[in-house]
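Inside the fold
Residues per chain are reported as follows:
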Amino acid sequence: MDEVLPRRRVTRDRRGRGMRGPGVMPARLGEPAVRTARERFDDLVLGIVTEVDERWQERLGLVEYAVEDAPMLPDDWGDETVPLSSLVRGTGGDPTRLVLFRRPIEHRCEGRDDLEAMVLTVVVEQVAELLGLPPEDVDPRYGDQLG
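Reference entry: report on the structure contained in this document.

About the criteria used
- Residues numbered from 1 in each chain as written.
- Predicted model: local features only at pLDDT ≥ 70, side-chain atom pairs only at ≥ 80, totals over all residues.
- Heavy atoms only, no water.
- Pairing = 2+ DSSP bridges.
- Helix = DSSP H or I, 4+ residues; strand = E, 2+ residues; numbered from the N terminus.
- Axes fitted to C-alpha atoms, helices over the stretch in contact; angles between N-to-C directions.
- Contact = heavy atoms within 4.5 Å.
- Salt bridge = Lys/Arg side-chain N within 4 Å of Asp/Glu carboxyl O.
- Parallel < 35°, antiparallel > 145°, perpendicular 65-115°, else oblique.
- Left-handed = near helix turned anticlockwise from the far one by under 90°.
- Core = buried A, V, L, I, M, F, W, Y, C linked by side-chain atoms within 4.5 Å.
- Buried < 20%, exposed > 50% of the residue type's maximum accessible area, 1.4 Å probe, protein only.

Observations regarding the sheet that holds strand 2 (residues 85-88)
Taken together, three strands build an open sheet; the order of strands is 1-3-2 and the sheet is mixed. A strand with exactly one partner marks an edge of an open sheet, and here the two such strands are strand 1 (63-68) and strand 2. Within the sheet, the average angular offset between the axes of one strand and its neighbour, ignoring direction, is 15°. Pairing analysis gives four bridges linking strand 2 to strand 3 (residues 96-101), with the strands arranged antiparallel. Its bridge partner being in strand 3, Ser 86 is matched across the sheet by Val 99. Lying on the sheet, helix 1 (residues 37-60) is in contact with strand 1 and strand 3; it crosses strand 1 at an angle near 165°.

Written as structure tokens, this is what we have:
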């Protein structure tokens, strides 16, 4: 007597590309499994800003940190370079505002290490400007990032 093999379920695999659907299942439903470039950049900035701000908070006072995709440049912008950040000093009751521009910073970096070094450099230079100190005094890692 012949042995009966169980039937294999036929799935739709159009054009041999494999299963359809998400490539990675999220840890929690409703949340994306992979973070976007913007979210990764925001996390990187938050980590660096938190370290620097905690160290100098008493001398800095109230500073708002923000990330925008790109600066709004006027039509008559004559400079060939695009700013990486914007620093607006606070007046009266308004806080100082430091804005980092994600796209110009990412455009100048080749990998995660370059991106981290660039963000640290921009933040430290702007905080040094606010404090009237050399950047090396604001964060000891600053000199290491340039070499």
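Focus on the pattern of salt bridges
A pair can form between side chains of opposite charge whenever their charged atoms are brought close. Counting across every chain of the model gives eight salt bridges. The closest approach of N and O atoms between Arg 55 and Asp 139, which form a salt bridge, is 3.2 Å. With Arg 55 in helix 1 and Asp 139 in the loop between helix 4 (135-138) and helix 5 (142-146), this pair connects stretches of sequence that are 84 residues apart. Arg 102 is the partner of Asp 69 in a salt bridge, and the nearest nitrogen-oxygen pair spans 3.0 Å. Residue Asp 69 is found in the loop between strand 1 and strand 2, and its partner Arg 102 is found in helix 2 (residues 102-107); the two are separated by 33 residues along the sequence.

A look at the packing of helix 1 against helix 3 (residues 112-131)
Contact pair helix 1 / helix 3: the axes reach a minimum separation of 10 Å and the direction vectors enclose 30°. By the angle between their axes, helix 1 is roughly parallel relative to helix 3. Handedness of the helix 1/helix 3 crossing: right-handed. Listed contacts from helix 3 to Arg 40, Phe 41, Leu 44, Val 45, Ile 48, Val 49, Val 52, Trp 56, Arg 59 and Leu 60 of helix 1 are Arg 112, Leu 115, Glu 116, Val 119, Leu 120, Val 123, Val 124, Val 127, Leu 130 and Leu 131.

Here's the deal with the nonpolar core
In this structure, Leu 100, Val 119, Val 123 and Val 138 are the most contacted members of the largest nonpolar core, which totals 25 residues. Among the elements of the structure, helix 1, strand 3 and helix 3 are those that each provide at least two residues to this core. For this core, the element with the most residues is helix 3, which contributes ten residues. Setting aside anything within four residues of it in sequence, one finds Val 123 in contact with Ile 48, Val 49, Val 52 and Leu 100.

Comments concerning the environment of Ala 117
Here Ala 117 shows up in helix 3. Residue classification places Ala 117 among the buried positions, given a relative accessible area of 12%.

Everything listed here is a matter of coordinates, which is why it stays silent on function.
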